[in-house]
Every structure is written in C-alpha cells, then in structure tokens.
Amino acid sequence: KQLDEQGIWKERTSAERARIIEDNDEALKERIRMISNAKSEIILSTFDFRSDDSGKLMLGALIDAADRGVSVNVIVDGVSGFTKMKGNPDFNALASSDNVNVKIYNKVNPFKPWQSMGRLHDKYVIADRTNYILGGRNTFNYFLGAYPGHKNYDRDVLVYCESPDETSSVNDVLAYYESVWNYKESKAFLKNNKCAGNKKVKAARKELLDNYNIYYADNKDYLTDTDYTDETVEVSNIALLSNPIECGAKKPVVWYQITKLMEQADSQVKIHTPYIICNEYMYDGLKKVCDSVENVSLMTNSVGNNGNPFGSADYYAHKDKVLGTGLEVWEYEGGYSYHGKSVLIDDDISVVGSFNIDMRSVYLDTELMLVINSKYINKQLKASMEEYEKKAATVKNETEYSHIPEEMKMKELSDKKKNIKAWFGWAMNGLRFLF
C-alpha cells in the first residue's frame, strides 16, 4: 500500500533525452567519452571492476580526469574489492591519486559471513551531475569493448539533459548514490595514499595513462563531440526504481514495482533476464501479470547457453514452475551468454537496469532499474530484444520446443550432464536465494 501511494512518476520541468546502448564496444566508448569530457565531477558505481583491457582504459580515463582537477568518486562491491582490487597496483594508482576517492560497499569479512550475502549490484556513471549511463554492464572485458575471448551481451541507457534542474532524473540517481556512498558499510579502499610513491604503483599509473592516451588519440573525433542531441530522443518521463541499500535482507521493492507496472499493461509485456530463480511469491507475481495481460513473454538463456551454472541448474530443475505461470518462454542460444535485464510494456514503457529475475536481486542486492516513458525508446528496445529473440527457441514443455529458428541448433545435454544438473538443482534447493 505504501508503494502504491508513492507512485513512481515525478513531474519533470526540464526536457530529458535518452537512447539505448546495445553494443559492448559502444558501451566502452560512451563511458570514456563521458569521463574524458567531465569538467567537475565523475561518479562511477559498479559491481565488478577488473584491470583487464577495458578496465585499464577506464582506470586511465579516471586518473586523467582527476589530473585535470575533476572530482572522481568510485564505489565498488566488496567481493570485487577483495578478489580483483585488493593489492592490485592499477587500483592503488587510481585510489592514491589526488581528487580521487574509492569506496568499497560491504567489505568481505570472514568473521561475519552472514553480512557478506548482500551485494552492491548497481552499475552507473554520472558526469557533472548532468548526464549518466545506467544499466547492467560490469566494468571489464566481458561487457565493455570488442576484445577477443568470452563476452556477455548486455544493455545500458544513456540519459542526457542539456539544462538540468531540481526535477531532472539525474538528481534521483545522485540522491541514491549519496545514500550508498554515506552508508556505514561503504568504507575507504585505501586508508591513506602512501602507496602512491610505490615503484609498482607509479609504473602502473604511467601504463594506465599511456594506454588511455593512445585510445583517446585513436578515437578523438568521437570522444570530443559533446553534443548528444542528434544521438538521443526527447522522452516524456524517467523514473528510478531502487531496492533498499542496507546489506542485509531487503523488502522486494523493485520486484513489487516492476510487477505492478507489468500488470497495468494493455496488451503486451516482454521480459528479458539472464536467469530466472523464483520463490512462490515471485511465481504468483508472474501469474498475476499473465492473468492481467494477453501477451506476456520471457526470454532467458537456455540451460546450455547460461553463463551462470547455478542459474542454469535451477532453471533446469524448475522449468515446470516457470511455464506454470502462463508465460510464453523463449530460450536464447546465441553462443555467448545473454546478460540483458529489461522489460518492455506496450508501446511506450521501457525498463532497463541491473535487476535479474532471481531471488538475489529481489531480496539481497542493491538494484536499480530505469523506467522510461517514450514510444521511440520503446521502439528501439523492442527492435534490440527481437534481434536476440531470433536466436531463441519457443518452449513447448519441459523437454520440447514448439519452434526453433532456422539454422539454430540447441545444445544437447548428455544424460550425464542432465543428471548432474538435476542433482545440483535439488542439492542447492535450500540456497537458491543466494545465486
């Protein structure tokens, strides 16, 4: 009742523009573009930050911005902070730079394992409190750039406001960021900047800036173009959905609001999610949507194409319950794992962000979803979704498909793998909410 009374839409008095970022290489370029043109402030929040090719370019761009006098604030989840950043000269080079502050959300504490369950899953970049990119991409090669090797397909939204005022949606993202930044479990990555003089850190800093300068020179014409007007369209409204920020168990705020939005659809709902791991409350929510709307479909990775082994095993074990909601289910088999998290409602509402249809996103992690009221953005998102759906099979029942696109071959699981997934799904049943 409280959520219903609040509503999600606010009156906006300043025009905002947006567009979908679909391509991984474009996603890296837009982030570098936004950082390289910042004049006063850059804010970056990410679940997973690694110092691979794209990660180093991001680090170099952030250090270069700080050297120009731009305030740089970075917040990263505690698992990535522990496994990818701790003791890494590249991250030490960033964190020890002037004008830079790096925080870790919910640092891993082996003496408090119960506290380690809630994670920071938000992914966004804000430049000069004006423009921002928000979506589902982490900060490393799987999601950014066109580097060889494994990749995940994902999606972002770029929001541009030439003359923001107090009603602009960027202020909603900023208010959310500030609540996380000032949260008691968001702690400094470095206690001091003494490591700045370390030989390895100095060498890392030089390498990061050299790599960034080469990339900047190669892409200078695009990166120096700061007029987003021709690349974006004016939207009617933008709303931000967010989970509570505490690192303990959470009320299912984002899930509740998304299901209410879907129930209000006139004729069509499309859901894309990498994984679907539901409890009965979530299954009931999907049933209500299917009972209220004539055409409701959900696309997720096939068992063989899923990059998350837990998500794969759970879907294999509970496919009957997913189908029992009334959803038309499509299984994506595109070679690389699909990581996009989006909902399309009728011809005017688009929802994009970090939220998976799983219990971890519903009850444990911080999550953000951007709701955009725009027929053009909806059309853009629908076209993107349908490109993936061309490589998705329509599920008939637990073992059969009613339609498999031409020239697409579903990965066959051996009896051994089927037995392993069935056993794994059963064995992990009591811990499904963690994955």
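First, a word on what this report is: a plain description of the structure on this page. (Residues numbered from 1 in each chain as written. Predicted model: local features only at pLDDT ≥ 70, side-chain atom pairs only at ≥ 80, totals over all residues. Heavy atoms only, no water.)

### Details of the overall build of the protein
Helices and strands together make up the secondary structure of the protein, namely 14 helices and 22 strands. For 435 residues, the compact-globule estimate of 2.2 N^0.38 gives 22 Å, and the protein sits close to it at 21 Å. Overall, the C-alpha framework of the protein stretches about 60 × 50 × 45 Å when taken along its three principal axes. In the protein, which comprises 435 residues, the proportion classed as buried is 57%. Looking at the protein alone, contacts between residues at least 24 apart form 82% of all its contacts between residues at least 6 apart. (Helix = DSSP H or I, 4+ residues; strand = E, 2+ residues; numbered from the N terminus. Rg over C-alpha atoms; globule rule 2.2 N^0.38 Å. Buried < 20%, exposed > 50% of the residue type's maximum accessible area, 1.4 Å probe, protein only. Contact = heavy atoms within 4.5 Å.)

### Looking at the sheet that holds strand β3 (residues 71–77)
The sheet built from nine strands is open, its strands ordered β9-β4-β3-β2-β5-β6-β8-β1-β10 with mixed pairing. Both outer strands of the open sheet, β9 (186–188) and β10 (233–235), are each paired with one neighbouring strand and no more. Averaged over all pairs of adjacent strands, the angle between strand axes in this sheet comes to 20°, irrespective of strand direction. Sheet topology note: the strand β2 (residues 41–46)/β3 ladder contains six bridges and is parallel. Bridge pairing in β3 links S45 to I75. Across the sheet, helix α3 (residues 53–67) lies against β2, β3 and β4 (100–105), angled at about 150° from β3, the strand it touches most. (Pairing = 2+ DSSP bridges. Axes fitted to C-alpha atoms, helices over the stretch in contact; angles between N-to-C directions.)

### Structural notes on helix α13 (residues 375–389)
Here α13 contains 15 residues, and its C-alpha end-to-end distance of 20 Å stays within 8% of the 21 Å for a straight helix at 1.5 Å per residue. All buried positions along α13 are accounted for by I377, N378, L381, S384, M385, Y388 and E389. Looking down the long axis of α13, one finds its buried residues gathered within 145° of arc, a one-sided arrangement. Those residues of α13 that are exposed and aimed more than 90 degrees away from the buried face are K375, Y376 and K379. Its side-chain oxygen 3.3 Å from the backbone nitrogen of Y376, S374 forms the N-cap of α13. (Expected span 1.5 Å × (residues − 1). Arc of directions from axis to C-beta. Polar contact = N/O pair within 3.5 Å; in protein donor to acceptor, adjacent residues only side chain to side chain.)

### As for the pairing of strand β1 (residues 16–21)
Most of β1 is tucked away, with five of its six residues classed as buried. In this sheet, β10 lies alongside β1 in antiparallel orientation, the contact comprising three bridges. Its bridge partner being in β10, A18 is matched across the sheet by V233. Pairing analysis gives five bridges linking β1 to strand β8 (residues 156–160), with the strands arranged antiparallel. Within the sheet, the bridge partner assigned to I21 lies in β8 and is D156.

### Focus: the nonpolar core
Core analysis: the biggest nonpolar cluster contains 47 residues, and I32 and V74 have the highest contact counts within it. Sort the elements by how many residues they give to this core and α3 lands first, with eight residues. When residues no more than four places from it in sequence are discounted, the contact partners of V74 are L44, F49, L62, L94, N101, V102, K103 and W181. The next biggest cluster of nonpolar side chains, apart from the first, holds 38 residues, and it includes I258, I276, C290 and V329. (Core = buried A, V, L, I, M, F, W, Y, C linked by side-chain atoms within 4.5 Å.)

### Thoughts on the environment of E398
If you trace the backbone, E398 turns up in the loop between β21 (392–395) and β22 (401–403). Linking E398 and A317, residues 81 residues apart in sequence, is a C-alpha distance of 9.5 Å. In this view, E398 contacts K319, D320 and L323; residues no more than four positions away in its chain are not counted.

### Topic: the sheet that holds strand β12 (residues 268–272)
An order of β11-β20-β18-β17-β12-β14-β15-β21-β22 is seen for the nine strands of this open sheet, with the pairing classed as mixed. Single-partner strands in this sheet number two, and they are β11 (237–242) and β22. On average, adjacent strands in this sheet sit at an angle of 20° to one another, irrespective of strand direction. In terms of strand pairing, strand β14 (residues 295–301) meets strand β15 (residues 328–332) through five bridges, oriented parallel. Bridging across to β15, N301 finds its partner in Y332. Across the face of the sheet, helix α9 (residues 253–263) comes into contact with β11, β12, β17 (342–345) and β20 (368–373) while running at roughly 140° to β11.

### Concerning the environment of H272
With respect to the helices and strands, H272 occurs in strand β12. On the basis of relative accessible area, H272 is assigned to the buried category, the value being 2%. In the structure, H272 is positioned 58 residues away from W330 in sequence and 9.4 Å away in space, judged by C-alpha atoms. Within polar-contact distance, the side chain of H272 engages the side chain of Y338 at 2.8 Å.

### Brief notes about the packing of aromatic side chains
Evaluated as defined, the whole model comprises 13 aromatic pairs. Between Y212 and Y216, the ring centres sit 5.9 Å apart and the planes meet at 50°, which makes this aromatic pair tilted. Within this pair, Y212 and its partner Y216 are both found in helix α7 (residues 199–218), separated by four residues, close to a single helical turn. According to the relative accessible area criterion, Y212 is buried, its value standing at 2%. (Phe/Tyr/Trp six-rings, centres within 6.5 Å; stacked < 30°, edge-to-face > 60°.)

### With respect to the packing of helix α2 (residues 24–36) against α7
Any two packed helices are characterised by how steeply their axes cross, that is the angle between the axes, and by the distance between the axes. Remark: α2 packs on α7, axes separated minimally by 12 Å, with the N-to-C direction vectors making an angle of 100°. Taken together, the axes of α2 and α7 are roughly perpendicular relative to one another. Contact with α2, carried on its side by L28, K29, I32 and S36, involves Y212, Y215 and Y216 of α7 and no other residues of that element. The class makeup of the residues in the contact of α2 with α7 is five nonpolar, one polar and one charged. (Parallel < 35°, antiparallel > 145°, perpendicular 65-115°, else oblique. Nonpolar A, V, L, I, M, F, W, Y, C, P; charged D, E, K, R; others polar.)

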